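Chain by chain, the residues:
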Amino acid sequence: MNLADRIQRLRKSEGLSQEELAERIGVSRQTVSKWESGVSQS
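Calculation criteria
- Residues numbered from 1 in each chain as written.
- Predicted model: local features only at pLDDT ≥ 70, side-chain atom pairs only at ≥ 80, totals over all residues.
- Heavy atoms only, no water.
- Helix = DSSP H or I, 4+ residues; strand = E, 2+ residues; numbered from the N terminus.
- Areas by Shrake-Rupley, 256 points an atom, 1.4 Å probe, with all protein chains shown as cover.
- Lys, Arg positive; Asp, Glu negative; His and termini not counted.
- Charge placed at Lys NZ, Arg CZ, Asp CG, Glu CD.

- Per an unreviewed UniProt entry, the chain is named Helix-turn-helix domain-containing protein, and its organism is Candidatus Eisenbergiella pullistercoris.

Below, the structure is given as structure tokens:
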């Protein structure tokens, strides 16, 4: 399982949307989306 899959699986297991996760960790929703699609890992 790669990092993108792990982020998405953990987010969903907590019942969070991408926007909710982004707010909790202080990044944009677009950043979370990029992480989950494997476009960006930083």
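## Some thoughts on the overall build of the chain
Item 1. Along the chain, the regular secondary structure elements total three helices and zero strands.
Item 2. Its helices and strands in sequence order give the chain the pattern α-α-α, from N to C terminus.
Item 3. Projected onto its principal axes, the C-alpha positions of the chain cover 25 × 20 × 10 Å.
Item 4. Carbon and sulfur atoms make up 44% of the accessible area of the chain, which totals about 3,100 Å².
Item 5. For the chain, the distance from the average site of its 7 positive side-chain charges to the average site of its 6 negative ones is 5 Å.

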